[in-house]
Amino acid sequence: MPDMTKVKFLTALFLFPIRSLFEERVAQSDLVKTANDYYRASFNQTPAQDKAVMLPHCLVSRKCQATFSKEDGILCVNCKRCKCGEIKALCEERGIQFYITPSVGFTKRLADRKQLRAALGATCGFEIERGLKSTRLTLKGIDLRERRVIPQVVLTAKHDCLDNDLDWDLLRRIIMNNY
Ligand code: SF4
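Residues numbered from 1 in each chain as written. Predicted model: local features only at pLDDT ≥ 70, side-chain atom pairs only at ≥ 80, totals over all residues. Heavy atoms only, no water.

Participant: What exactly am I supposed to notice about the site of the ligand here?
Facilitator: Lining the immediate surroundings of the ligand are 15 residues, of which Cys64, Cys76, Val77, Cys79 and Cys82 lie closest. Class assignment for the residues of the shell around the ligand results in nine nonpolar, four polar and two charged. (Near = heavy atom within 4 Å. Nonpolar A, V, L, I, M, F, W, Y, C, P; charged D, E, K, R; others polar.)

Here's what the structure looks like:
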């Protein structure tokens, strides 16, 4: 009996370049959903301390009170002006690392530096298309320089780098292994 999550994921990955020409958002959603389904068991089995939630800077409030660290990115102080602080608190409760990063390149270097085995990220469709061209996606995870990282992804609502949004309930459910 073939692993249907694997078949669906590989089909979505194979068809993605063509489908995205005609139905971009649907192709992106399908790829994310099938990839999440395929990697979910491995993601959930990864110990909390080896996992991180990595959010993009476009989700923070324009009045964000955070400072910036070259090592760890945007250091949220949970000022409650955006939902990132609530997610940070949930990660702390569960022993999962939490980061807000200024760019995809920073995110990849951070994942390498922190020796992550799994990461839950949020990204827009534009970055997914760019990422597929620059980073190898294998059946064991995203192939970074030093390691493979098992992904889970939530699509952001739009491509903009300011005032972005996402399905926060879905993000919470993935963190809680309830998805
Ligand atoms: S909750 Fe955190 S990320 Fe959001 S605006 Fe406040 S300090 Fe910035």
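Let us keep going from here.
Participant: What's the story with the pairing of strand β8 (residues 148-155) in this structure? I'm lost.
Facilitator: Successive residues of a regular strand alternate their side chains across the two faces of the sheet. Counting buried positions over the eight residues of β8 gives seven, a clear majority of the element. Bridge analysis of strand β5 (residues 118-123) against β8 gives six bridges, and the strand direction is parallel. Within β8, the residue paired with Ala118 across the bridge is Ile150. Relative to β8, strand β7 (residues 141-143) runs antiparallel, the two sharing two bridges. Within the sheet, the bridge partner assigned to Asp143 lies in β8 and is Arg148. Here β7 folds back onto β8 in antiparallel fashion, the turn holding four residues. (Buried < 20%, exposed > 50% of the residue type's maximum accessible area, 1.4 Å probe, protein only. Helix = DSSP H or I, 4+ residues; strand = E, 2+ residues; numbered from the N terminus. Pairing = 2+ DSSP bridges.)

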